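# Remarks on the overall topology
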Amino acid sequence: MKVINGIPASGGISIAKIFKIFPKNLELVKVNNCDVDLESERLKDAVLNAKVEILEIVEDVIAKAGEAKAMIFRAHILMLEDPEFIGEVYSLIESENINAEFALDVVSKNLIRIFEGLDSQVFKERAIDVKDVSDRVMKYLTNSIDEGYQFTDDVIIVTNDLTPSESIRMDKKYVRGFILNVGGKTSHAAILARALEIPSVVGTKVAFDEVEDGDLVILDGDEGIVIVNPNEEQIEKYRKLKENKKEDFSEFFNKEAITLDKKKIKIYANIASNEEMNNVLKNGAEGIGLFRTEFIFMGRNTFPSEDEQFSIYKSVLEAMNESTVIIRTLDIGGDKQLPYLKEIPEENPFLGLRAIRLCLNEVGLFKTQLRALLRASAFGNLKIMFPMITVVEEMTEAKKVLEEVKSELIKEGFNLGEIGVGIMIETPSSVMLADKLIKHVDFFSIGTNDLVQYTMAADRMNENVSYLYQPSNPAILMMIKKVIDITHNHNKWTGICGEIASDLEMTPLLIGLGVDELSVISSSVPKLKKRIGNLDSKECQKLSQQALNLSSSNEVIDLLKRF
Ligand code: PEP
Ligand code: MG
């Protein structure tokens with residue numbers, strides 16, 4: 001028996017035999033003095049076939065995991081059109097008179113080396129995308145069409161790393177888990193594993209060398225543990241654990257979230273596209289707390305037009321009937337970039353021209369989105385939310401543009417609905433200025449993902465400083481309390497739409513701090529309703545008072561465990 005530790009990437013427990021995937025080593029031969037036209041034509045065909053295949057995958061991913069996850073593959077299509085990637089392969093064929101497969105190999109390995117050598121985790125992820133795209137084109141160039149792996153029994157896959165295509169192509173009927181040597185919580189393989197609900201442990205460094213094909217393993221995706229060749233006692237223990245986790249939450253789909261002492265908390269859903277609405281409605285979300293509209297802009301070559309955006313926003317508003325729909329204006333920048341937006345190179349994009357800063361800098365882009373939103377307001381209960389507000393002037397400037405757009409549309413004869421306006425509280429300065437900002441808005445929504453990163457000065461993507469990324473640090477709790485109290489003093493309300501909203505251990509603390517609304521991924525909606533139904537808000541208040549007096553995140557976590 002052996003225990004391997006890694007990073008918990010996708011929750012759940014699996015017990016099954018290991019299937020090892022060895023890296024493929026294609027022997028590529030360099031052929032000189034080739035017919036350049038013929039090789040270029042072969043490359044063109046292979047790229048076209050790869051594109052068709054990726055488009056099929058996009059549809060498959062949308063059906064299995066939603067539009068947001070399909071962006072990974074839409075980006076692959078763009079890579080096939082990138083002059084610095086495929087364009088370079090054509091150039092190399094021409095300049096060296098060599099065969100297409102060798103040229104592709106040289107260019108892709110070069111790019112992979114560059115991306116892997118960069119500090120940012122985002123760029124390291126790009127390396128695996130380049131490999132994925134290049135493997136797909138190579139498959140057509142070398143006619144080595146592989147049909148994927150065939151399984152006849154349950155397996156847990158162990159390998160060095162999985163490309164997004166490999167993970168999505170696995171036969172989900174039999175794949176019970178992924179164990180990877182590399183990767184972190186935000187790697188694409190981890191994101192897809194979570195979307196497909198396949199328990200996974202990543203970043204183990206050694207798993208591939210330490211297990212053999214056919215070894216029985218227990219994979220605990222919640223704790224990030226792999227037990228190789230466990231004894232009977234352990235197998236029994238984990239079987240029971242797994243059984244206990246298999247809870248049916250369907251009875252909470254249509255219930256409200258009300259504490260034992262009758263305090264109602266609104267439970268809304270976070271979405272990234274209108275294609276998630278079936279899930280939102282099925283899980284019983286009472287509204288949309290955050291529509292991350294930037295995903296409509298990603299994975300394509302041009303800006304979506306006003307009409308395109310209008311029909312997406314309208315469809316969400318109509319699907320939610322008269323329930324609240326909070327649509328956030330574009331949050332581009334940081335780790336979310338648009339290839340077609342003229343790039344201003346930045347040393348530190350998370351502290352750069354991101355979100356509302358970019359929109360106020362590119363007012364045309366901002367106005368198009370606001371026009372689409374205001375036109376859609378006639379079809380439901382819309383609230384517009386501005387991200388990354390740092391100073392009061394950004395708020396007043398954004399509202400001024402909104403008013404301008406409103407007058408234009410009214411002059412043009414459009415019928416507009418009543419709208420609310422709110423902001424994300426996700427920078428420390430917006431917390432400190434909350435009593436000034438509240439005068440301009442109807443509500444606040446706390447974006448804890450960014451608030452934690454900017455308060456703790458710890459990049460949310462960087463594993464090296466993840467120990468400092470502490471949502472339960474009293475520093476953060478004090479900020480949440482301050483913001484909520486200010487809204488209540490003004491008879492307004494505060495929601496939370498960052499990841500901590502779905503952390504069930506944090507729920508009593510957030511209720512105790514007085515939060516009015518929590519917005520989470522759809523599948524967490526019923527779980528959260530159930531959790532809240534078992535809490536007493538007065539007890540939660542006492543708990544949060546105690547937490548606010550503690551001095552570290554660990555002390556708060558201990559307090560929550562004892563609650
Ligand atoms: C947040 O920062 O908490 C948030 C919800 O926004 P995003 O994760 O899109 O930055
Ligand atoms: Mg944010």
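Everything that follows concerns the structure shown earlier in this document.
This write-up is about the structure you can find in this document. (Residues numbered from 1 in each chain as written. Chains lettered and ligands numbered in written order. Predicted model: local features only at pLDDT ≥ 70, side-chain atom pairs only at ≥ 80, totals over all residues. Heavy atoms only, no water.)

One way to put it is that helix α19 (residues 474-489) packs onto helix α22 (residues 537-548) with a least axis distance of 9 Å and a crossing angle of 130 degrees. Here α19 lies oblique to α22, going by the angle between them. Residue-level contacts link Pro474, Leu477, Met478 and Lys481 of α19 to Gln545, Ala547 and Leu548 of α22. Counted by class, the contact of α19 with α22 contains five nonpolar, one polar and one charged residues. (Axes fitted to C-alpha atoms, helices over the stretch in contact; angles between N-to-C directions. Helix = DSSP H or I, 4+ residues; strand = E, 2+ residues; numbered from the N terminus. Parallel < 35°, antiparallel > 145°, perpendicular 65-115°, else oblique. Contact = heavy atoms within 4.5 Å. Nonpolar A, V, L, I, M, F, W, Y, C, P; charged D, E, K, R; others polar.)

The next thing to look at is the environment of Val392. Checked against the element boundaries, Val392 lands in helix α15 (residues 392-411). Along the backbone, Val392 and Ser430 are 38 residues apart, and their C-alpha atoms lie at a distance of 8.2 Å. Setting aside residues no more than four positions away along its own chain, Val392 makes contact with Leu433, Lys436, Leu437 and His440.

Attention shifts here to the pattern of salt bridges. In this structure the tally under the stated criterion is 32 salt bridges. A single network of salt bridges, built from pairs that share partners, joins Glu306, Asp307, Lys367, Arg371, Arg375, Glu404, Glu408 and Glu412. (Salt bridge = Lys/Arg side-chain N within 4 Å of Asp/Glu carboxyl O.)

Read from one edge to the other, the open sheet built from eight strands follows the order β1-β8-β7-β3-β4-β5-β6-β2, with strand pairing classed as mixed. A strand with exactly one partner marks an edge of an open sheet, and here the two such strands are β1 (2-5) and β2 (7-10). Within the sheet, the average angular offset between the axes of one strand and its neighbour, ignoring direction, is 30 degrees. One ladder, built from five bridges, connects strand β3 (residues 13-20) with strand β7 (residues 216-220); its direction is antiparallel. By the bridge assignment for β7, Ile13 is matched with Asp220. Against the sheet, helix α7 (residues 188-195) contacts β2, β5 (175-180) and β6 (200-202), and its axis sits at roughly 50 degrees relative to β2. Helix-sheet contacts for helix α9 (residues 232-245) involve β3, β7 and β8 (225-228), and the interaxial angle to β3 is about 120 degrees. (Pairing = 2+ DSSP bridges.)

This next bit is on α9. Helix length check: α9, at 14 residues, gives a terminal C-alpha distance of 20 Å against a target of 20 Å (1.5 Å per residue), a fit within 8%. Of the surrounding secondary structure, the elements contacted by the buried residues of α9 are β3, β7 and β8. (Expected span 1.5 Å × (residues − 1).)

Attention shifts here to the coordination of the magnesium ion (ligand 2). Protein ligation of the magnesium ion (ligand 2) involves Glu426 (OE) and Asp450 (OD), the donor distances falling in the range 2.0 to 2.2 Å. With a gap of 24 residues between them, Glu426 in the loop between β14 (419-425) and α16 (428-432) and Asp450 in helix α18 (residues 448-456) connect regions that are remote in the sequence. (Donors = N, O, S within 2.8 Å, 3.2 Å for Na, K, Ca; no water.)

Moving on, we come to the nonpolar core. Among the nonpolar cores identified, the biggest contains 93 residues, and Ile288, Tyr313, Phe386 and Leu518 are the most heavily contacted of them. Once you skip the residues sitting within four places of it in the chain, Ile288 turns out to touch Tyr268, Ala269, Ile271, Met277, Val280, Val316, Met320, Thr324, Val325 and Ile326. Counting 53 residues, the second-largest nonpolar core is a separate cluster that includes Ala9, Ala100, Leu162 and Met170. (Core = buried A, V, L, I, M, F, W, Y, C linked by side-chain atoms within 4.5 Å. Buried < 20%, exposed > 50% of the residue type's maximum accessible area, 1.4 Å probe, protein only.)

Here strand β4 (residues 155-159) lies mainly inside the structure; five of its five residues are buried. Because side chains alternate across β4, one face comprises the buried residues Val155, Ile157 and Thr159, and the other comprises Ile156 and Val158, equally buried. Pairing between β3 and β4: four bridges, direction parallel. Across the sheet, residue Phe19 finds its bridge partner in β4, namely Ile157.

What follows is about the side chain of Asn99. Counting through the fold element by element, Asn99 comes out in the loop between α3 (86-96) and α4 (100-117). Residue classification places Asn99 among the buried residues on the basis of a relative accessible area of 5%. A polar atom in the side chain of Asn99 sits 3.0 Å from the backbone nitrogen of Val31. If we skip the residues at most four places from it in the chain, Asn99 touches Val29, Lys30, Val31, Cys34 and Glu39. (Polar contact = N/O pair within 3.5 Å; in protein donor to acceptor, adjacent residues only side chain to side chain.)

Next up on the list: unusual backbone geometry. With phi around 55 degrees, Asn97 is a residue other than glycine that occupies positive phi space. In this fold, Asn97 is placed in the loop between α3 and α4. Even without being glycine, Lys262 reaches a positive phi, approximately 70 degrees. Along the chain, the position of Lys262 falls in the loop between β9 (257-258) and β10 (264-271). Overall, Lys262 belongs to the exposed group, its relative accessible area being 68%.

Moving on, we get to the pairing of β14. Counting buried positions over the seven residues of β14 gives six, a clear majority of the element. Here strand β13 (residues 381-386) pairs with β14 via five bridges, running parallel. Within β14, the residue paired with Lys383 across the bridge is Gly420. The parallel pair β13 and β14 is bridged by α15, and the resulting crossover is right-handed. Bridge count for β14 against strand β15 (residues 443-446) is four bridges, and the pairing is parallel. The partner of Gly422 across the bridge, within β15, is Phe443. (Right-handed = clockwise from strand over helix to strand, strands pointing away.)

These values are about where atoms sit, not about what they do.
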